[in-house]
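# Analysis of the macromolecular model
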Amino acid sequence: GENVEQHPSTLSVQEGDSAVIKCTYSDSASNYFPWYKQELGKRPQLIIDIRSNVGEKKDQRIAVTLNKTAKHFSLHITETQPEDSAVYFCAARYNFNKFYFGSGTKLNVKP
Amino acid sequence: GAVVSQHPSRVICKSGTSVKIECRSLDFQATTMFWYRQFPKQSLMLMATSNEGSKATYEQGVEKDKFLINHASLTLSTLTVTSAHPEDSSFYICSATDGKGEKLFFGSGTQLSVL
């Protein structure tokens, strides 16, 4: 299967600053990498994703970068706001089928 | 995005009883659904892949006789926790890929508490 590692486990930033969360994956067969935001007691929500044939994707304040050679991808949030506070999970889709998740990053944006 | 419905949202049961959790895709047909388990402040652990019309595929370490999965139709998968024990208490969440088979969408989850 696939092994996804995620860092850091917790991240505190001041409102307006940027936040970066990094993930690595183990299997080069993984070809799709989504990011999810999960608020307490709620379901994970897809916030951005990237396919393996793309190096970078941006959606307003959120961007994701992918380095296939190094097998790592990162989530970048600019101009953070208190409502960005949540747990963020990266994931890798393995073998066109299964999704494996990182351990999660608890982001705290301080007003 | 695709809508995945999960019921019940919360269940409390006595040790030794069985609990069934339903997962439905509301606006698309899901040939494949996934069941995850999440402990407090931890990640989503893939338990099994549910395939319509065939047996589920379980991840290593997951007891298939404990966690029975049935994918009876293209819109419904069920997870039955048999003879539940306190250590089975957890947040169980189902998911399905959308009609294109790419993006993964989650149900609202079921908090199971076994007394």
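My aim in this report is to walk through the structure given alongside it, one point at a time. (Residues numbered from 1 in each chain as written. Chains lettered and ligands numbered in written order. Predicted model: local features only at pLDDT ≥ 70, side-chain atom pairs only at ≥ 80, totals over all residues. Heavy atoms only, no water.)

### Side note on the sheet that holds strand β8 (residues 72-77) of chain A
Residues and elements named next belong to chain A.
- Read from one edge of the open sheet, five strands run β1-β3-β8-β7-β6, paired in antiparallel fashion. A single partner strand is all that each edge strand has here, and the edge strands are β1 (4-7) and β6 (56-59). Each strand of the sheet is rotated relative to its neighbour by a mean of 15°, with strand direction disregarded.
- Here six bridges tie strand β3 (residues 19-25) to β8, and the two strands are oriented antiparallel to one another. Within β8, the residue paired with Val20 across the bridge is His76. (Pairing = 2+ DSSP bridges. Helix = DSSP H or I, 4+ residues; strand = E, 2+ residues; numbered from the N terminus. Axes fitted to C-alpha atoms, helices over the stretch in contact; angles between N-to-C directions.)

### Topic: the packing of aromatic side chains
- Counted according to the given criterion, the structure contains 13 aromatic pairs over all chains.
- For the pair Tyr25(A) and Phe73(A), a centre-to-centre distance of 6.1 Å together with 55° between the ring planes defines the contact as tilted. Pair noted here: Tyr25(A) is in strand β3 and Phe73(A) is in strand β8, with a separation of 48 residues, a long-range link.
- The class for Tyr25(A) is buried, based on a relative accessible area of 6%.
- Ring geometry for Phe101(A) and Tyr36(B): centres 5.3 Å apart, planes at 90°, overall edge-to-face. Of this pair, Phe101(A) sits in strand β10 (residues 98-101) while Tyr36(B) sits in strand β4 (residues 32-38), on two different chains.
- Judged by relative accessible area, which is 8%, Phe101(A) ranks as buried.
- An aromatic cluster is defined as three or more aromatic residues linked by ring pairs; in this entry it consists of Tyr25(A), Phe33(A), Trp35(A) and Phe73(A). (Phe/Tyr/Trp six-rings, centres within 6.5 Å; stacked < 30°, edge-to-face > 60°. Buried < 20%, exposed > 50% of the residue type's maximum accessible area, 1.4 Å probe, protein only.)

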